[in-house]
Amino acid sequence: MPFKYYINHYIIVIFFNSENMDIGVEILTLIKILLIANSAVFYLKHTYKYEKNDIIIFGLIYAYCSYVICYSFHIMWLDCLYVLPIALYFVDKFIDGGKIYPVIITLTYGLWTNYYLGFINAFVAGIYF
């Protein structure tokens, strides 16, 4: 298998010993869920100009929705979930007269991290367009 499938395993093995492997998995999952919330906050802040308290609440709602919780058992699939709000932000910029390259790069990264959720991200971005 390519390196991309094992990068999460390498991070856990390098920074945690065998006795603390479960803690490493939990910390890595927590970091990725925080990235998911931060990408939702970024999208809401720059697209809809929400106030700060509203942004945090909606970012946490996106980060802890059942879609994210179901995929939290697969650590490598969480990488693709924080790409969706960023891709939607770049679709908005493309509609306003920007370039298509950021949309292609974010969707390609989503497909690279997980082809299944990457196709779902591309489908949602297409519907959003």
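To keep things clear, this report deals only with the structure shown in the data block. (Residues numbered from 1 in each chain as written. Predicted model: local features only at pLDDT ≥ 70, side-chain atom pairs only at ≥ 80, totals over all residues. Heavy atoms only, no water.)

Notes on the overall build of the protein
- When helices and strands are counted, the protein shows eight helices and zero strands.
- Walking the protein from its N terminus toward its C terminus, one meets helices and strands in the order α-α-α-α-α-α-α-α.
- Counting every position in the protein, which comprises 129 residues, the buried fraction comes to 35%.
- Sequence-distant contacts in the protein: of pairs separated by 6 or more residues, those separated by 24 or more amount to 62%.
- Positive and negative side-chain charges in the protein, numbering 7 and 8 respectively, have mean positions lying 12 Å apart. (Helix = DSSP H or I, 4+ residues; strand = E, 2+ residues; numbered from the N terminus. Buried < 20%, exposed > 50% of the residue type's maximum accessible area, 1.4 Å probe, protein only. Contact = heavy atoms within 4.5 Å. Lys, Arg positive; Asp, Glu negative; His and termini not counted. Charge placed at Lys NZ, Arg CZ, Asp CG, Glu CD.)

Observations concerning the nonpolar core
- Ile36, Val68 and Leu81 are the most contacted members of the largest nonpolar core, which has 24 residues in total.
- For this core, the elements supplying multiple residues, two or more each, are helix H2 (21–47), helix H3 (52–63), helix H4 (66–71), helix H5 (78–81), helix H6 (83–95), helix H7 (101–113) and helix H8 (115–128). (Core = buried A, V, L, I, M, F, W, Y, C linked by side-chain atoms within 4.5 Å.)

A short note on the environment of tyrosine 82
- Within the secondary structure, tyrosine 82 sits in the loop between H5 and H6.
- Given a relative accessible area of 15%, tyrosine 82 falls into the buried group.
- A sequence separation of 49 residues divides tyrosine 82 from isoleucine 33, and the C-alpha atoms of the two residues are 8.3 Å apart.
- Setting aside chain neighbours within four positions, we find tyrosine 82 in contact with Lys32, Leu35, Ile36, Ser39 and Tyr109.

So, a nonpolar patch on the surface
- Together, Leu30, Leu34, Ile56, Leu60, Tyr64 and Ile69 make up an exposed nonpolar region whose accessible area comes to about 550 Å².
- For the nonpolar patch, the elements supplying multiple residues, two or more each, are H2 and H3.
- Among the secondary structure elements, isoleucine 56 is positioned in helix H3.
- On the basis of relative accessibility, which here comes to 45%, the residue isoleucine 56 falls in the partly exposed class. (Patch = residues over 30% accessible without salt bridge, like charges linked within 9 Å, V, L, I, M, F, W, Y side chains within 5 Å. Areas by Shrake-Rupley, 256 points an atom, 1.4 Å probe, with all protein chains shown as cover. Salt bridge = Lys/Arg side-chain N within 4 Å of Asp/Glu carboxyl O.)

Re the side chain of asparagine 121
- Tracing the sequence through the fold places asparagine 121 in helix H8.
- Here asparagine 121 is in contact with Cys80, Val83, Leu84 and Leu107, once residues within four sequence places are set aside.

Here we look at the packing of H2 against H6
- The N-to-C vectors of H2 and H6 enclose an angle of 20 degrees; their axes lie 8 Å apart at closest approach. By the angle between their directions, the pair H2 and H6 is classed as roughly parallel. As for how H2 packs across H6, the hand of that crossing is left-handed. On the side of H2, the interface is formed by Ser39, Ala40, Phe42, Tyr43, His46 and Thr47, while H6 contributes Pro85, Ile86, Leu88, Tyr89 and Asp92.
- Class assignment of the residues belonging to the contact of H2 with H6 gives a composition of seven nonpolar, three polar and one charged. (Axes fitted to C-alpha atoms, helices over the stretch in contact; angles between N-to-C directions. Parallel < 35°, antiparallel > 145°, perpendicular 65-115°, else oblique. Left-handed = near helix turned anticlockwise from the far one by under 90°. Nonpolar A, V, L, I, M, F, W, Y, C, P; charged D, E, K, R; others polar.)

Examining the packing of H6 against H7
- Between H6 and H7, the least distance of the axes is 8 Å, while the angle of their chain directions is 160 degrees. When the interaxial angle is binned, H6 and H7 end up roughly antiparallel. Note on packing geometry: the crossing formed by H6 with H7 is left-handed. On H7, the residues touching Val83, Ile86, Ala87, Phe90, Val91 and Phe94 of H6 are Pro102, Val103, Thr106, Leu107, Tyr109 and Gly110.

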